[in-house]
Amino acid sequence: MKLPQSFQPLQEQLLTTAEQFATDSQPLSEFLTALVGDVEKAIAEPLEIFPVCHHSPASALQILRRLRLSSNPPKAIYMEMCEDLRPITENLHNCKLPVALQAFAGESQTFSPQEIPLSVIAPLTEASAEYQTIAYALQHPETELVFVDRAVDYVFQWEEQETENLEEKQTDVPEEAKRHGTALGLEMGNMIPKFDVFLELILKNSNTRHFSEWWDRYVEQAIINADYQTYRQVMFLIGSLMRRLGSRTKDLENDRLRERYMWTRIKQHMKAKKIQPQDAIYICGAVHAASDVAEFGTENDTIWQIPELSQTKWLYGLIPSSFAAIEYQFAHHPGTVSIAETTWKKNIKLSNIKPFNLNKKTKSKTKSSKKKVKAIVTNNTLTGKQNVSELVSFLNIPPAQAEADTEQLLQWCADIVNLARKNGYLASTADSIAIYQTSMLLARMRNRLHPTPYDFQDAAITCLEKDRTPKKRNISQICQILLGGDRVGRVGYASLPPLVQNLYDRLAPLNINLQSQTKQRVLMDFKQKPQLFDCSDVLWRINYLLGDRIVQPIMGDRSLGFKPVQESWEVRIGKHQRPLIMLGYEGVSLEQVIEQHLRKAVFDNKGTAKTVLNAVEDSILYLNNPRLTAELGEYGISLLQQETGAEDAMEIFTIVRRLIHYYRTTPKGLPKWIENFVTVGYRHYASLLAQAFADRGTNPEQIAGMLGFIFTLESLALSLGCNRSQLLISVKQATREKQDPAKLGLLWTTEWLLSLRHLEEMREFFQHVLENEILMRTFPYYLNGFILSLTFAPRIKGFVIELLAKSFASIPDANLLSWLPNLILRLRPHSQILQSLIAEAANIYPDQLKGFQNWFPFWEKTQNYQPRNPKTIKNSSSKSQNKLIESHNQTRKLLFTYQTTTNRIAQLLQVENIYWQKFENHNNSSSFKLLSEREIEVKKLLTSKPATMKLLAVLFPHWLRSINILKT
């Protein structure tokens, strides 16, 4: 490439460098020639192009000099920033930096649901060229500020978004770095190379650890005090280098789209406002300064056909930011922004230039230095053309050391020792001297004229860090605090969304500073100040939407029917403004946002009756909207009818019972929807009961929830028109199936409540279970069902205590040790239910040991317990035998008298092989004489194998009565 004669010295210098460091200088020389061509192209453009780097104090200082010291202010300033973010810059007047411009979209039919919600932020700090430009334009109405970059909508149209959830990527990130949430960051002048091979190469050759250190060492310190034209040319050169070597192909394509867009908007605005190129400034990233698109430059009329926007509705506002959040958002090394802020303040003081500041409360006067410092920039250097030989000289010499650098380093060395002592480190004045000398040594080893903040950090860690950290902070964190630390911005009241402003107004009676960054404790006494109830409602609503991070209750509760006397809260609204501002995008009041959240949770495709009831309860607690509550309740009834299982039965029963208790305390009583819910739920669960007992997938806890709903609310359901017929049918159907031991207790308790089963039958069954070593292992499962039944049948507590007492009394110690772990595992999940059982047992058993001498449990008294007297037992048994013999004699006499009728009945019953034995009437007490030979053999068999018979009786309960008759 043939360059003009004025650029020959620069070209020769770059080619000489290529000959020394490259083996084949021809390809590299062509590349360097292209770099110089880009510089010439940017300088030759009539529109003044100002290249910047993101959050660079050098860029901010140079644009400040350009705008402060120029005698002819520009008529228009075109800035690389999303054009639809321009209106919200008017709200920066009462904000504390850093803050971020934000665009938000909660829903969209164009973009993927995985990307929703869409959020874009553009953070601003005082030490940034974009903020200084915005502040200048807002303070000088004669200069129009125009954002010319693509709209926020195109950010998501043109760039490929990651499908990975950003919240999952932030698991190990400090809380301070998460202030931007999952928003996509926009930066003007991104200079970090995205081509990894190139980045690794420059870091390796420069003996630096990360790009921020490389930039600060080789670029920032070199150009911050350079004259205006030298700054521009150096930035053009570096921008061209990063564009050609540090960018990937897909990144270049996206950059070209943006450049076409920006130059098209510039030309359209200049034509509409009739602005000459000499009367405007174009502020953009250095990589965009010398573009190869056809639309580049104002000397041609080529414009780009801008595509249409999507139908996405965007909302705009300001959110607070922080140094840590900016560093994490744009992958800067921790401490980069705070170091940039320190550099900015130091050079502002040396330059004696007043920065632009929109905060009226902040005193922007800069104290003049004791020594007069000449203004580095003059009008001649701003408007005149620079001799390229001066640029070559500038590139050959290191930056001059400022007089304040040594004093600053000494101050750092003294302050770091002081901070280390406060954090538990044993440090002394000797450590300050060691840190200073180590910093100088590291700077010389790294070919630096003066130690940088990074050298100082390494020296401090080397000299002060120990094997363990005495307190919470280590030396690296202390250094970051010393060099500026993290700074959190704040959005002023006038710039807040209407929702947040309304929130601030409603919390005004608390008399606390809601803008404060510290935690504040609030104590509310409602007896003395009843008007604070409204403030309490607001705090509970914020806590419901955002959790304990913003406001946290220390004393107080929010439950149905509860009216507090006092409450204590910890308020952190000023420290965490962003979540509240994000709520402002969803509605204009807290009540509206809560209603939207409830409707979304209820009418979602995955909504169930349980989620609807939870939403109903929340609507009562946090909203005074009976219409919404009734609407949600009616929808919950429809969802309950569609359910085919009992997964949420226990939770539904618990919530409905709580709601009924609450409504009964209100003047209006039960609403219509809760009455409908009870009747529909009673019929629904009664119809599903038989299926639930038979289904192996339905666990006992779920059946207990169904039965709890049925029996606990049965009186209300019957009064509203329900009947027991469906319940009786379902229970009888369930008894026909072989039941799981864990469900048998629930079924038998249900039958007992319906008078379909007696306690004597259950006692007899469990007596056989406890006497059989095989069935003994299943006893905890049987017991589990009875314990669950206590939730709807508290009168069964006595029987459960009886079972436990008999089990411990009858099981041998050898079997008890192996049986107890299973029993404990069955009982452990029911700690709440067992409390009432333990209280009942305490009422049954004597309080003292002496009381057990003449004490008998109630279950033995109900079984007509008699003292063990052998004579009484013998007499009673003989009387019963005589009655049995007399009845047998009468029956046999009747059958033998009418043998024809008896044979006919036997034929109808399909009984074959009937034979008759002569009846002999003997009044003998022996029952064997009244039995046939076959009956006598069967009786002998049953009496000789008692263990087997007991097992058969347990397995086949309906045989129990027949076996007892045969044995007698």
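Scroll up to find the structure.
All values reported here derive from a predicted model rather than from experimental measurement.

Asks: So, the overall build of the protein chain: which residues are in play, and what are the values?
Replies: The secondary structure content of the protein chain amounts to 41 helices and eleven strands. In the protein chain, which comprises 968 residues, the share counted as buried stands at 49%. For the protein chain, the proportion of contacts with a sequence separation of at least 24, taken over those separated by at least 6, is 75%. Accessible surface, the protein chain as shown: approximately 50700 Å² in total, 52% of it carbon and sulfur.

Asks: So, the environment of Phe693: which residues are in play, and what are the values?
Replies: Along the chain, Phe693 turns up in helix α26 (residues 672-694). With 45 residues separating them along the chain, Phe693 and Lys738 place their C-alpha atoms 9.5 Å apart. Those residues within four positions of Phe693 in sequence are excluded, and the remaining contacts are Ile703, Leu707, Ala734, Gln739, Lys743, Leu746 and Leu747.

Asks: For the nonpolar core, give the residues involved together with the corresponding values.
Replies: Formed by 199 residues in total, the largest nonpolar core has its most connected members in Leu85, Ile573, Val656 and Leu659. For Ile573, the residues in contact, after removing those within four places along its chain, are Leu503, Tyr504, Leu507, Leu514, Ile550, Val551 and Leu580.

Asks: Which residues make up the pattern of salt bridges, and what are the values?
Replies: The tally for this structure, following the rule as stated, stands at 30 salt bridges. We note a salt bridge from Arg521 to Glu570, for which the minimum N-O separation is 3.2 Å. On the criterion of sequence distance, the pair formed by Arg521 in strand β9 (residues 520-525) and Glu570 in strand β11 (residues 566-571) is long-range, its members being 49 residues apart. For Glu570, a relative accessible area of 14% corresponds to the buried category. With a shortest N-O distance of 2.6 Å, Glu714 and Arg724 are connected by a salt bridge.

Asks: Lay out the side chain of Arg232 in plain terms, naming residues and giving numbers.
Replies: With respect to the secondary-structure elements, Arg232 resides in helix α9 (residues 228-245). At 5.2 Å, Glu48 is the nearest oppositely charged side chain to Arg232, a buried residue that forms no salt bridge. Contacts of Arg232, omitting those with residues within four sequence positions, involve Ala42, Glu48, Ile49 and Pro51.

Asks: Please set out the packing of aromatic side chains residue by residue, giving values where relevant.
Replies: With the rule as written, the count across this model stands at 32 aromatic pairs. Here the aromatic cluster, defined as three or more aromatic residues joined through ring pairs, consists of Trp748, Phe765, Phe766, Phe779, Tyr782, Phe786 and Phe799. Over the ring of Phe296 we find Lys41, and its NZ or CZ is 4.7 Å from the ring centre.

Asks: If you had to explain the sheet that holds strand β3 (residues 99-105) to someone new, which residues and values would you point to?
Replies: Across the sheet, four strands lie side by side as β6-β4-β3-β8; this open sheet has mixed pairing. Bordering the open sheet on either side are β6 (184-185) and β8 (315-320), each of which pairs with just one other strand. With six bridges connecting them, β3 and β8 associate as antiparallel partners. The residue of β8 that forms the bridge with Phe104 is Leu315.

Asks: Give a description of the pairing of strand β1 (residues 48-52) that names residues and reports values.
Replies: For β1, the tally of buried residues reaches five of five residues, placing the bulk of the element in the interior. One ladder, built from five bridges, connects β1 with strand β7 (residues 280-285); its direction is parallel. Residue pairing for β7: Glu48 is matched across the bridge by Ile281.

Asks: Requested: an account of the packing of helix α23 (residues 609-622) against helix α24 (residues 626-642), with residues and values cited.
Replies: Packing of α23 against α24 brings their axes to within 8 Å, and their N-to-C directions diverge by 165°. Considering the angle they form, α23 stands roughly antiparallel to α24. Crossing of α23 against α24: the hand is left-handed. Every residue of α24 that contacts α23 at Ala609, Val612, Ala615, Val616, Ser619 and Ile620 is listed here: Thr629, Leu632, Gly633, Tyr635, Gly636, Leu639 and Leu640.

Asks: Give a detailed account of a nonpolar patch on the surface, specifying residues and quantitative values.
Replies: Together, Leu523, Ile554 and Met555 make up an exposed nonpolar region whose accessible area comes to about 280 Å². Assignment of secondary structure puts Leu523 in strand β9. The class of Leu523 is exposed, set by a relative accessible area of 60%.

Asks: Please provide a residue-by-residue account of the pairing of strand β4 (residues 118-124), values included.
Replies: Of all seven residues making up β4, seven are buried, and the element is well covered by its neighbours. On β4, burial covers both faces: Leu118, Val120, Ala122 and Leu124 on one face and Ser119, Ile121 and Pro123 on the other are all buried. Where β3 lies against β4, seven bridges are found, and the strand directions are antiparallel. If you follow Ala105 over to β4, its bridge partner there is Leu118. With two bridges connecting them, β4 and β6 associate as parallel partners. Looking at the pairing, Val120 lines up with Leu184 of β6.

Cut-offs and rules
- Residues numbered from 1 in each chain as written.
- Predicted model: local features only at pLDDT ≥ 70, side-chain atom pairs only at ≥ 80, totals over all residues.
- Heavy atoms only, no water.
- Helix = DSSP H or I, 4+ residues; strand = E, 2+ residues; numbered from the N terminus.
- Buried < 20%, exposed > 50% of the residue type's maximum accessible area, 1.4 Å probe, protein only.
- Contact = heavy atoms within 4.5 Å.
- Areas by Shrake-Rupley, 256 points an atom, 1.4 Å probe, with all protein chains shown as cover.
- Core = buried A, V, L, I, M, F, W, Y, C linked by side-chain atoms within 4.5 Å.
- Salt bridge = Lys/Arg side-chain N within 4 Å of Asp/Glu carboxyl O.
- Lys, Arg positive; Asp, Glu negative; His and termini not counted.
- Phe/Tyr/Trp six-rings, centres within 6.5 Å; stacked < 30°, edge-to-face > 60°.
- Lys NZ or Arg CZ within 6 Å of the ring centre and 35° of its normal.
- Pairing = 2+ DSSP bridges.
- Axes fitted to C-alpha atoms, helices over the stretch in contact; angles between N-to-C directions.
- Parallel < 35°, antiparallel > 145°, perpendicular 65-115°, else oblique.
- Left-handed = near helix turned anticlockwise from the far one by under 90°.
- Patch = residues over 30% accessible without salt bridge, like charges linked within 9 Å, V, L, I, M, F, W, Y side chains within 5 Å.

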